[in-house]
Amino acid sequence: MVVGPILARARRNWGFVVVAGACGFAAGIFGYLLFGPSSIIAVLRDAPMLVAGTVMALPFAFGAAAVASLIVSEQRRAQSRLLRAAL
């Protein structure tokens, strides 16, 4: 049965997603404290609009990906429970 190993791997990955999100948050706070808001704003203001928009959108994209991975992991876990109950 091929589904078993795939679901077991998805179940183990939620911890990595949470730790990666926490590390990214800590890195953002560290960068903010190290450089300060004025230098970050100056770099974004001097950058081309496409680059500045991408930098501003990346945290939201990563956050959405982390939440989506947790939801998918939970859906796979529920599907696995249903499959085991059906068998």
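Residues numbered from 1 in each chain as written. Predicted model: local features only at pLDDT ≥ 70, side-chain atom pairs only at ≥ 80, totals over all residues. Heavy atoms only, no water.

Let's shift gears to the overall build of the chain. Secondary structure assignment for the chain yields two helices and zero strands. Classification of the 87 residues of the chain by burial places 9% in the buried group. Put simply, the chain shows about 6,900 Å² of open surface, and 77% of that area lies on carbon and sulfur atoms. (Helix = DSSP H or I, 4+ residues; strand = E, 2+ residues; numbered from the N terminus. Buried < 20%, exposed > 50% of the residue type's maximum accessible area, 1.4 Å probe, protein only. Areas by Shrake-Rupley, 256 points an atom, 1.4 Å probe, with all protein chains shown as cover.)

This part takes up a nonpolar patch on the surface. Taken together, the side chains of Phe25, Ile29, Phe30, Tyr32, Leu33, Leu34, Phe35 and Ile40 define a hydrophobic patch exposed on the protein surface, amounting to about 900 Å² of accessible area. Looking at where Leu33 falls in the secondary structure, it is placed in helix α1 (residues 3–46). (Patch = residues over 30% accessible without salt bridge, like charges linked within 9 Å, V, L, I, M, F, W, Y side chains within 5 Å. Salt bridge = Lys/Arg side-chain N within 4 Å of Asp/Glu carboxyl O.)

With 38 residues, helix α2 (residues 49–86) ought to run about 56 Å at 1.5 Å a step, and its terminal C-alpha atoms sit 54 Å apart, in line with that. Among all positions of α2, only Ala52, Ser73 and Ser80 are buried. (Expected span 1.5 Å × (residues − 1).)

For the structure on display, the rule yields two salt bridges. Taking the shortest distance from any N to any O, the salt bridge between Arg77 and Glu74 comes out at 3.2 Å. Remark: Glu74 and Arg77 occur in helix α2; sequence separation between them is three residues, near one turn of the helix. Ionic pairing is found between Arg81 and Glu74, a salt bridge with its closest N-O pair at 3.7 Å. Arg81 gets classed as partly exposed once you look at its relative accessible area, which sits at 43%. Sharing partners across several salt bridges, the network here consists of Glu74, Arg77 and Arg81.

Taken as a whole, the largest pocket encloses approximately 750 Å³ of empty space. For the largest pocket, the lining is made up of 23 residues, of which Gly24, Gly28, Val55, Leu58 and Pro59 are closest to its centre. Only α1 and α2 provide two or more residues apiece to the lining of the largest pocket. Residue classes in the lining of the largest pocket are distributed as 16 nonpolar, seven polar and no charged. (1 Å grid on protein atoms, 1.4 Å probe; cavity = no way out; pocket = protein on both sides within 12 Å on 5 of 7 lines; lining within 4 Å. Points joined across faces, edges and corners; volume = space filled by probe spheres on them. Nonpolar A, V, L, I, M, F, W, Y, C, P; charged D, E, K, R; others polar.)

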